[in-house]
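Each chain, written out:
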Amino acid sequence: MDTDRVRLCFYRLLQLFSTCAAFSLVASLGTGMGAVSHWSMFIWCFCFVITLLTFIVQLGEYQPSLPFSGKSFLFTYACLATAFCLSASIMYSITYIQFLPHSPFRDQATAATAFSCIACVLYALEGAFLWLLFPETTFYFATIHGLFKLLETSVACIIFAFISNTYLHQHQPALVWCVAVYSICFTLGAVAMLLKLVKFESRLHNFFPRFLLGQTMLSVLLYASALALWPLYQFNEEFGGQPQRSSDVSCSDELPSTLCIWDQKLTVAILTAINLLIYVGDLAYWIHSIFISLEAANQSPRPGESSQGDVSRQGALDVMCCLLRLPQLFCTCMAFSLVVDMGILRGAACYAALLCLLAFIIYATTHVHFLPYGPYRDRAITATAFSCVASVLYAMEVACLWQYYELSEVSCYVHTMPGLLKVLETFVACLIFTFLSHTSLYLHQPALEWCVAVYSICFFPAALTILGNLIGWEYRLPVTFPILQFLLTLLSVLLYVSALVLWPLYQFNEKFGGQPQRSNYMDCIDGLTYYICTWDEELAVAILTALNLLIYVADLVYWAHQVSVGTED
């Protein structure tokens, strides 16, 4: 073991010399370097300091007093230092050395890059030596998950080297959001590695794998938004970007001193795409692990023989549900944010973007196709796409729960005929409410206000019925549940019949103040309208009223049949 310690000390001395030489050579070049060069200097200085502290601790044998395993820390640091020194060598040579004229300064910078490469090799040799020296120890960075985390952190550090030039992102809030994305994902990854290093994940039990999965999924979603926004606001002229490299003044300089601004923007976009691919690979590996757990749980003993399979199955299902809910939150949030950020909230369909199921149809038919081609239309289409993706994700969650919880063998109200009819009734009512939020449709006539009251009165009993069935209140009612449902449905049918008579009468009949012709409305003949016109909204409400009346009639027929069967019995 003494020989091994001598070998490690030898590695440390060479590492200290290489990083110190690289830092000193670059520092002696003076000012005038770019942000990437300063970042490379920081990496070499950081590696020198940590290596020096490690060397002192190892010589003084202070390891037992540390809150973490010395072997794990040494291997983790060796892997990180290898990645950091390699990235510093590549960045410094690409962004600085190639722009220097042939002179002693260029030779000095080349020598610094060579020492950085030597340090990278030395750290890699130390990591390989520790891996072979302790074969019984499972190092985190020697696993697939750890390797992904190392790559994610390394690429993020390279991105930080470029965005440390604040000129790249300070002029646009969307670009500041991208910087926040890089920082959030890097911080979460660093916290995960730190918890692994100090062995704290053993105290979190089943929570830590879920935290890692959630962090990976969140990072994928955040990086996807950054990959969409960064090129859009950097290279699209409509959003203040520069599509051509020649339009950047710093790129037209005959004697540039560092990588020009446009090239730095392009580099960040490429690195964002690379890191997104790494996160997607990490997420795919997680999903693969989950399905393996599910298969293992399905092959476990039957209930009564062992409960371990049920626990494993439940844990895997919880993780799968979390896996679906994170993108659901992201898609609905993105759809809402994109619509609000447009700043042209004209009408109820803008709020309809909050609905997931079929909201993309409403928003597309009532708003998107009226917008002229441009940034606003692109944002509206993107919001519609996110809403569509959210509805698909919710459907996937329902399918997942149906399959793994075996809901076909369980009595669930929303999967019965009356439950399905109640869901349809409340859903169509919500669609009606999206149009009625445009108050100018009905405030001028008391009869139309009665129609709005009808929609509200019928909506609440249906919603309360669904809620009561979910919590089992139907068994505590003093009245027989089928009779109560029959009476409520009959009341809703009568109310909807009155609304179906009054709404078209007062909206489209001239004798009652209505407009029978679409051309009578000014907003229907305007060639530059940004929303569905008032007459079309009135017609949509009338059609939805008739549709919901048919659903209520079907519901009434069902409950009439149930009551008659119960009376015969």
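Predicted, not measured: the structure shown is a model, and the values here were computed from it.

Can you explain the overall build of the chain? Please cite residues and give values.
Scanning the chain from terminus to terminus reveals 18 helices and zero strands. For the chain, long-range pairs separated by at least 24 residues make up 74% of all intrachain contacts whose partners lie at least 6 apart in sequence.

Let's hear about a nonpolar patch on the surface: which residues, and what values?
A cluster of nonpolar residues, Val 49, Leu 52, Leu 53 and Ile 56, forms a patch on the protein surface that exposes about 310 Å² of accessible area. Within the secondary structure layout, Leu 53 lies in helix H2 (residues 35–60). Note on Leu 53: relative accessible area 47%, which makes it partly exposed.

Break down helix H5 (residues 144–163) for me, citing the residues and quoting the values.
What sets the pattern is the α-helix's 3.6 residues per turn: residues three or four places apart point alike. Here H5 contains 20 residues, and its C-alpha end-to-end distance of 29 Å stays within 8% of the 28 Å for a straight helix at 1.5 Å per residue. With 17 of 20 residues buried, H5 lies mostly within the body of the structure.

Quick one: what's the story with the nonpolar core, residue by residue and with numbers?
Membership of the largest hydrophobic core comes to 87 residues, with the highest contact counts inside it found for Tyr 182, Tyr 223 and Trp 230. Secondary structure elements with two or more residues in this core: helix H1 (2–27), H2, helix H3 (70–95), helix H4 (104–133), H5, helix H6 (173–197), helix H8 (207–235) and helix H9 (261–298). Take this core: its biggest share by element is 13 residues, from H8. In this view, Trp 230 contacts Ile 163, Leu 168, His 169, Leu 175, Cys 178, Tyr 182, Lys 265, Val 268 and Ala 269; residues no more than four positions away in its chain are not counted.

Requested: an account of H4, with residues and values cited.
Given a rise of 1.5 Å per residue, 30 residues ought to cover 44 Å, and the 43 Å separating the end C-alpha atoms of H4 matches this to within 8%. When we look at burial in H4, the residues that qualify are Ala 109, Ala 112, Thr 113, Ser 116, Ala 119, Cys 120, Leu 122, Tyr 123, Glu 126, Gly 127, Phe 129 and Leu 130.

Residues and numbers for the side chain of Gln 234, please.
Residue placement: Gln 234 occurs in helix H8. A distance of 3.5 Å separates polar atoms of two side chains, one belonging to Gln 234 and the other to Lys 265. Discounting chain neighbours no more than four positions away, the residues touching Gln 234 are Leu 168, His 171, Leu 175, Gly 241, Gln 242 and Lys 265.

An account of the packing of aromatic side chains is needed here, citing residue identities and associated values.
In total, this model carries 17 aromatic pairs according to the counting rule given. Pairing Trp 44 with Tyr 92 gives two aromatic rings, centres 5.7 Å apart and planes at 75°, and the pair type is edge-to-face. Of this pair, Trp 44 sits in helix H2 while Tyr 92 sits in helix H3, and the two are 48 residues apart along the sequence. Here Trp 44 and Tyr 92 have matching classes, each one buried. On the numbers, 5.6 Å between centres and 50° between planes, the contact of Tyr 182 with Tyr 223 is tilted. With Tyr 182 in helix H6 and Tyr 223 in helix H8, the pair connects residues that are 41 residues apart, well separated along the chain. Tyr 223 carries the same exposure label as Tyr 182, and that label is buried.

Which residues make up the environment of Ser 93, and what are the values?
Position of Ser 93 among the secondary structure elements: in helix H3. Separated by 20 residues in the primary sequence, Ser 93 and Thr 113 have C-alpha atoms spaced 6.8 Å apart. Sequence-distant contacts of Ser 93, that is, excluding residues within four places in its chain, are made with Gln 98 and Thr 113. From its side chain, Ser 93 meets the backbone oxygen of Ser 89 in a polar contact 3.0 Å long.

How would you explain the packing of H5 against H6 if you had to name every residue and give the values?
Remark: H5 packs on H6, axes separated minimally by 10 Å, with the N-to-C direction vectors making an angle of 145°. For H5 against H6, the interelement crossing comes out left-handed. Contact residues: H5 offers Lys 149, Thr 153, Ala 156, Cys 157, Ile 159, Phe 160 and Ile 163, while H6 offers Val 179, Tyr 182, Ser 183, Phe 186, Gly 189, Ala 192 and Met 193. Partitioning the contact of H5 with H6 into residue classes produces 10 nonpolar, three polar and one charged.

If you had to explain the environment of Leu 494 to someone new, which residues and values would you point to?
Here Leu 494 is to be found in helix H16 (residues 481–508). Along the chain, Leu 494 and Tyr 552 lie 58 residues apart, while their C-alpha atoms are 9.7 Å from each other.

Help me get a handle on the side chain of Gln 215, residues and values and all.
Along the chain, the position of Gln 215 falls in helix H8. With relative accessibility at 3%, the residue Gln 215 sits in the buried group. Within polar-contact distance, the side chain of Gln 215 engages the side chain of Lys 149 at 3.1 Å. The contact partners of Gln 215, leaving out residues within four places of it in the chain, are Lys 149, Cys 185, Leu 188, Gly 189 and Tyr 279.

Please give an account of the pattern of salt bridges that cites residues and values.
This model, assessed by the stated rule, comprises five salt bridges. Residue Glu 126 is joined to Arg 12 by a salt bridge in which the shortest nitrogen-to-oxygen separation is 2.3 Å. Here Glu 126, found in helix H4, pairs with Arg 12, found in helix H1; they are 114 residues apart in sequence, far enough to count as distant. In this pair, the class of Glu 126 matches that of Arg 12, namely buried.

Hey, could you go over the confidence of the model for the chain for me, with residue numbers and the actual values?
Per-residue confidence for the chain averages 75 on the pLDDT scale, and 67% of its residues sit at or above 70. Contacts from residues 64–69, a stretch scored under 50 in pLDDT, to residues over four places away or in other chains number seven contacts. Of the regions scoring below 50 in pLDDT, residues 302–309 engages in four contacts with residues more than four places distant in sequence or in other chains.

Reading the values: the criteria
- Residues numbered from 1 in each chain as written.
- Predicted model: local features only at pLDDT ≥ 70, side-chain atom pairs only at ≥ 80, totals over all residues.
- Heavy atoms only, no water.
- Helix = DSSP H or I, 4+ residues; strand = E, 2+ residues; numbered from the N terminus.
- Contact = heavy atoms within 4.5 Å.
- Patch = residues over 30% accessible without salt bridge, like charges linked within 9 Å, V, L, I, M, F, W, Y side chains within 5 Å.
- Areas by Shrake-Rupley, 256 points an atom, 1.4 Å probe, with all protein chains shown as cover.
- Salt bridge = Lys/Arg side-chain N within 4 Å of Asp/Glu carboxyl O.
- Buried < 20%, exposed > 50% of the residue type's maximum accessible area, 1.4 Å probe, protein only.
- Expected span 1.5 Å × (residues − 1).
- Core = buried A, V, L, I, M, F, W, Y, C linked by side-chain atoms within 4.5 Å.
- Polar contact = N/O pair within 3.5 Å; in protein donor to acceptor, adjacent residues only side chain to side chain.
- Phe/Tyr/Trp six-rings, centres within 6.5 Å; stacked < 30°, edge-to-face > 60°.
- Axes fitted to C-alpha atoms, helices over the stretch in contact; angles between N-to-C directions.
- Left-handed = near helix turned anticlockwise from the far one by under 90°.
- Nonpolar A, V, L, I, M, F, W, Y, C, P; charged D, E, K, R; others polar.
- pLDDT = per-residue confidence, 0-100.

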